[in-house]
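Working through the structure, step by step
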Amino acid sequence: MDAVIKKLMPPSSYMEKPVTDRPSEAEVEAAVRTLLRWTGDNPDREGLVDTPKRVTKAFREMFNGYDMCPAEELGRTFEEVAGYDDLVIVRDIKFHSHCEHHMVPIIGKAHVGYLPDGKVVGLSKIARVVDIFAHRLQTQEAMTAQIAGVIQDVLNPRGVAVMIEAEHMCMAMRGIRKEGSTTLTSTFTGVFKDTPEEQVRFVTMVRS
């Protein structure tokens with residue numbers, strides 16, 4: 001029997017994509033040329049002459065999360081799950097993001113779990129939500145809360161658990177220069193927030 005599919009209407013705050021006042025590509029390329037000059041190099045030499053165009057194209061790809069709405073990815077759910085109502089976890093979702101303070105990479109993985117309340121969402125949609133938020137300028141703390149928040153608001157499960165572990169290049173490449181250090185953040189909602197045993201179960205399943 002085919003799954004029962006329903007379309008949810010997420011809160012308007014998640015339906016709206018971020019409002020951005022984007023400059024033209026020519027303005028972006030000019031800005032990159034200025035940065036190249038700031039490094040002390042010559043933007044007109046052979047190896048750099050096309051760099052402004054390449055950087056502009058790369059930024060469009062790396063920050064395409066501003067053009068997507070995470071709530072729309074979660075709008076299609078399935079109710080025919082043979083009565084399953086226990087923990088669903090998608091773990092080791094690899095991602096790359098960029099620190100909003102220095103615009104250097106954050107590289108890590110996310111573990112996302114939720115306790116369904118009569119409906120589930122396609123597993124790939126969870127990974128897409130992670131990618132959408134990752135492809136914006138971020139702090140790890142905010143990204144963790146954003147993933148949990150949109151899943152809780154759109155799916156309305158009994159609870160959501162999100163854990164992110166990542167290495168920040170702003171710590172590895174500059175400043176204190178501590179390569180290999182990992183930052184761990186977590187957010188819990190609903191049953192997970194109210195029940196420490198559920199938090200332990202989530203972490204145990206992620207680590208097993």
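Reading guide: rules and limits
- Residues numbered from 1 in each chain as written.
- Predicted model: local features only at pLDDT ≥ 70, side-chain atom pairs only at ≥ 80, totals over all residues.
- Heavy atoms only, no water.
- UniProt positions renumbered as here; feature names shortened; annotations may be inferred.
- Salt bridge = Lys/Arg side-chain N within 4 Å of Asp/Glu carboxyl O.
- Helix = DSSP H or I, 4+ residues; strand = E, 2+ residues; numbered from the N terminus.
- Buried < 20%, exposed > 50% of the residue type's maximum accessible area, 1.4 Å probe, protein only.
- pLDDT = per-residue confidence, 0-100.
- Contact = heavy atoms within 4.5 Å.

Labelled according to an unreviewed UniProt entry, the chain appears under the name GTP cyclohydrolase 1, originating from Rhizobium loti. Taken from UniProt, the Catalytic activity (unreviewed entry) comment for the chain reads in full: "GTP + H2O = 7,8-dihydroneopterin 3'-triphosphate + formate + H(+)". The chain has a UniProt comment under Sequence similarities (unreviewed entry) that states "Belongs to the GTP cyclohydrolase I family."

Counted by the stated rule, this structure contains ten salt bridges. Ionic pairing is found between Asp92 and Lys109, a salt bridge with its closest N-O pair at 3.5 Å. Here Asp92 is found in strand β3 (residues 88-99), whereas its partner Lys109 is found in strand β4 (residues 105-115), with 17 residues between them in sequence. On the accessibility criterion, Lys109 (29% relative accessible area) is partly exposed. Arg207 serves as the salt-bridge partner of Glu165, at 3.0 Å between the closest nitrogen and oxygen. Separated by 42 residues along the polypeptide, Glu165 in strand β7 (residues 159-168) and Arg207 in helix α9 (residues 196-207) bring together distant segments of the chain. On the basis of relative accessibility, which here comes to 15%, the residue Glu165 falls in the buried class. Each of Glu73, Lys125 and Arg128 takes part in salt bridges that share partners, so that together they form one network.

For the chain, the average pLDDT comes to 91, and 91% of its residues sit at 70 or higher. Per-residue pLDDT stays below 50 along residues 1-10; that stretch engages in 25 contacts with residues further than four places along the chain or on separate chains.

As a further point, take the UniProt feature "binding site: Zn(2+)" (unreviewed entry) in the chain. In the UniProt entry, the feature "binding site: Zn(2+)" (unreviewed entry) is given for Cys99, His102 and Cys170. Over a stretch of 72 residues, the named residues converge on one spot in the fold, their C-alpha atoms separated by at most 7.5 Å. Topologically, Cys99 is positioned in strand β3. Residue Cys99 is classed as buried on the basis of its relative accessible area, which comes to 5%. If near-sequence neighbours (up to four positions away) are discounted, Cys99 is found in contact with Val104, Ile106, Leu137, Gln138 and Cys170. Overall, the relative accessible area of 37% leaves His102 in the partly exposed class.

What UniProt calls "domain: GTP cyclohydrolase I" (unreviewed entry) maps, in this numbering, to residues 29-206. Helix makes up 42% of residues 29-206 and strand 26%, whereas the separation of the span's terminal C-alpha atoms amounts to 43 Å.

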